[in-house]
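# Fold and contact review
Chain by chain, the residues run as shown.
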Amino acid sequence: MTAGPYKNPAPTVDVIIELPGDKIVLVQRKNPPLGWALPGGFVEYGESLEEAAVREAREETSLEVTLIRQHKTYSRPDRDPRGHTISTVFVAEAQGLPKAADDAQEIGIFDRLSLPSPLAFDHQEILQDYFNHLTVRTVRPPSPQDNEERIGQVLKLLKNRIPADTQIGIILGTGLGGIADRLQDSSSLSYQDLPFFPQSTVASHPGKLIWGTLAGKKVLVLQGRFHLYEGYTPEEIGFPIRVLAAWGIKFLIIANAAGGLDPNFLPGDLLMITDQINSTGENPLIGPHLETWGPRFPDMSRVYDPHLRVLAEKTARDQKIPLRRGVYVGVKGPCLETPAETRFLISMGAQAVGMSTIMETIVAVQSGMALLGFCAITNVNRPDHPEPVSLESVIQTAQSAETKLSALLEGVLAKLE
Ligand code: HPA
């Protein structure tokens, strides 16, 4: 959407206030935007931009608002007498509805998931972006009860589509999504069509929920996953897993692309994860807890199911697929590791490193699922002989390991009771 042409003075939305019940208030300032006005008269002496935004929002809505964060800073070259300018949108939170809403022209209250089309704001594209953003991320994290309701809505959508007795879930990561092509009688829904589902922002993760039959077993495949480095919260990454759990998934097989930390590994190797280290500094279970989710303090002594692991080892042996085993350490990314970090991760006792999986497995363990995890080793990090790692080579090598992984997966599925 193209911006403008701007009226003079251009109307501007400066503060977006989140209200309970999926409503938002847009406070449109009468004055030029704060950033643009600097160092003019709209920010009072000694006041920061944030303080000015809160003061304005309070004055215009009669609400006690609290600033949550700065939403985005927009360059407004069209508005700046010097050829460049910054306009800042703040996101605030308030209890109750604004008293001034009826008579204040400057204020609009909208349903947060639908942008009313006749909005005459110049900032329509900013709002559109904000709303798009809101459908995948909420500024205020949803409560566990909100989450349950959201899961219920996804389940309702899936109910008459997916066979009710589908008990096996598969998550396919970077470069491994092609395995889903082997499903028979498959159907799919894009994550975009699933309410409250995060959206994949990584090109190598297509973002589809696919169901069908693989090796004679009914499976539900998440083709594409979510990462902390994309900016998703641990709860958001855990959301699809809670959906799978609520659906009744009992077995979850996770595949990812990872860096090898054992100098004997080679790019293209397959590794079965025996255990994991959460080195992300995050945990999806922090915060309010619902008893129905499972234990508050889940036992992590057997994250990856011992019986499934034996089954995978045996299948690999029978099919003569070389299978490494080792500990997976999850990091936040998106940077790859420095040689010093690699040394540190090796000293922790890890044989593979990646930027996914951990948030998902924690939720899956709490939900009581039996887990199996595989890594396609896409690169081997040797701290004494460091070599650059590119995303292209990671994807390419993962794809080259796909055939082996697919054969192994199908072998395991065939034997799964
Ligand atoms: N480090 C972290 N994540 C990765 C790597 C790596 O070397 N390779 C693929 N994913």
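Residues numbered from 1 in each chain as written. Predicted model: local features only at pLDDT ≥ 70, side-chain atom pairs only at ≥ 80, totals over all residues. Heavy atoms only, no water.

### Comments concerning the overall build of the protein chain
Broken down by element type, the protein chain carries nine helices and 14 strands. Residues counted as buried form 53% of the 417 residues belonging to the protein chain. Sequence-distant contacts in the protein chain: of pairs separated by 6 or more residues, those separated by 24 or more amount to 77%. Accessible surface for the protein chain amounts to roughly 19200 Å². Of this, 52% is attributable to carbon and sulfur atoms. (Helix = DSSP H or I, 4+ residues; strand = E, 2+ residues; numbered from the N terminus. Buried < 20%, exposed > 50% of the residue type's maximum accessible area, 1.4 Å probe, protein only. Contact = heavy atoms within 4.5 Å. Areas by Shrake-Rupley, 256 points an atom, 1.4 Å probe, with all protein chains shown as cover.)

### Considerations on the nonpolar core
Across soluble globular proteins, nonpolar side chains show a tendency to be buried alongside one another. Judged by nonpolar contacts, the single largest core of 46 residues is most densely connected at Leu158 and Leu252. Mapped by element, the contributors of at least two residues to this core are helix 4 (144-159), strand 8 (208-214), strand 9 (217-223), helix 5 (234-247), strand 10 (251-260), strand 11 (270-278), helix 8 (358-367) and strand 14 (370-380). Leaving out residues up to four positions away in the same chain, leucine 252 has contacts with Gly169, Ile170, Ile171, Ile241, Leu244, Ala364, Met369, Ala370, Leu371 and Leu372. If you look at the next biggest cluster of nonpolar residues, it comprises 36 residues, including Leu172, Phe251, Ala316 and Leu408. (Core = buried A, V, L, I, M, F, W, Y, C linked by side-chain atoms within 4.5 Å.)

### Re the packing of helix 5 against helix 8
It is at 8 Å that the axes of helix 5 and helix 8 come closest, and there the two elements cross at 40 degrees. Between helix 5 and helix 8, the interaxial angle falls into the category oblique. In terms of crossing hand, the pair formed by helix 5 and helix 8 is right-handed. Residues Pro234, Ile237, Gly238, Ile241, Arg242 and Ala245 of helix 5 form the contact with helix 8, whose participating residues are Met359, Glu360, Val363, Ala364, Gln366 and Ser367. Partitioning the contact of helix 5 with helix 8 into residue classes produces seven nonpolar, three polar and two charged. (Axes fitted to C-alpha atoms, helices over the stretch in contact; angles between N-to-C directions. Parallel < 35°, antiparallel > 145°, perpendicular 65-115°, else oblique. Left-handed = near helix turned anticlockwise from the far one by under 90°. Nonpolar A, V, L, I, M, F, W, Y, C, P; charged D, E, K, R; others polar.)

### Focus on the site of the ligand
Within the structure, the ligand sits among Ala257, Ala258, Gly259, Leu336, Glu337, Val353, Gly354, Met355, Thr378, Asn379 and Asn381. Contact between the ligand and glutamate 337: a nitrogen atom at 2.7 Å from a side-chain N or O atom of the residue. Asparagine 381 places a polar side-chain atom, nitrogen or oxygen, 3.0 Å from an oxygen atom of the ligand. Out of a free accessible area of 260 Å², the ligand has 94% covered by protein chains. By residue number, the principal contributor to the shell around the ligand is strand 10, which donates three residues. (Near = heavy atom within 4 Å. Polar contact = N/O pair within 3.5 Å; in protein donor to acceptor, adjacent residues only side chain to side chain.)

### So, the packing of aromatic side chains
Within this structure, the stated rule accounts for four aromatic pairs. Between the aromatic rings of tyrosine 191 and phenylalanine 197, the centroid separation amounts to 5.2 Å while the plane-to-plane angle is 45 degrees, which identifies the pairing as tilted. Assessed through its relative accessible area of 1%, tyrosine 191 is described here as buried. For the pair phenylalanine 226 and tyrosine 232, a centre-to-centre distance of 5.6 Å together with 75 degrees between the ring planes defines the contact as edge-to-face. Tyrosine 232 shares its class with phenylalanine 226; the two are buried. Aromatic rings pair up to connect Tyr191, Phe197, Phe226, Tyr232 and Phe239 into one cluster. When the ring centre of tryptophan 293 is taken as origin, the NZ or CZ atom of arginine 242, which lies over that ring, is 3.8 Å away. (Phe/Tyr/Trp six-rings, centres within 6.5 Å; stacked < 30°, edge-to-face > 60°. Lys NZ or Arg CZ within 6 Å of the ring centre and 35° of its normal.)

### Focus: unusual backbone geometry
Residue proline 334 is bonded to the preceding glycine 333 through a cis peptide linkage, with omega at 0 degrees. A positive phi angle, close to 70 degrees, is found at phenylalanine 196, a residue other than glycine. Relative to the helices and strands, phenylalanine 196 resides in the loop between strand 7 (184-190) and strand 8. For phenylalanine 196, a relative accessible area of 23% translates into the label partly exposed. One non-glycine residue, threonine 357, lies in the positive phi region at around 75 degrees.

### Regarding the pairing of strand 14
Here strand 14 lies mainly inside the structure; 11 of its 11 residues are buried. Bridging between strand 10 and strand 14 involves 10 bridges; their strand directions are parallel. When the bridges of strand 14 are listed, isoleucine 254 appears paired with glycine 373. In this sheet, strand 14 lies alongside strand 11 in antiparallel orientation, the contact comprising three bridges. Of the residues in strand 14, the one forming a bridge with leucine 270 is alanine 376. (Pairing = 2+ DSSP bridges.)

### Points about the pattern of salt bridges
Scanning the model with the defined rule gives nine salt bridges in all. Between glutamate 313 and arginine 325 there is a salt bridge, with its nearest N and O atoms 2.6 Å apart. On the criterion of sequence distance, the pair formed by glutamate 313 in helix 6 (residues 306-318) and arginine 325 in strand 12 (residues 324-330) is long-range, its members being 12 residues apart. Of the residues examined, glutamate 313 reaches a relative accessible area of 22% and is grouped as partly exposed. According to the relative accessible area criterion, arginine 325 is partly exposed, its value standing at 43%. (Salt bridge = Lys/Arg side-chain N within 4 Å of Asp/Glu carboxyl O.)

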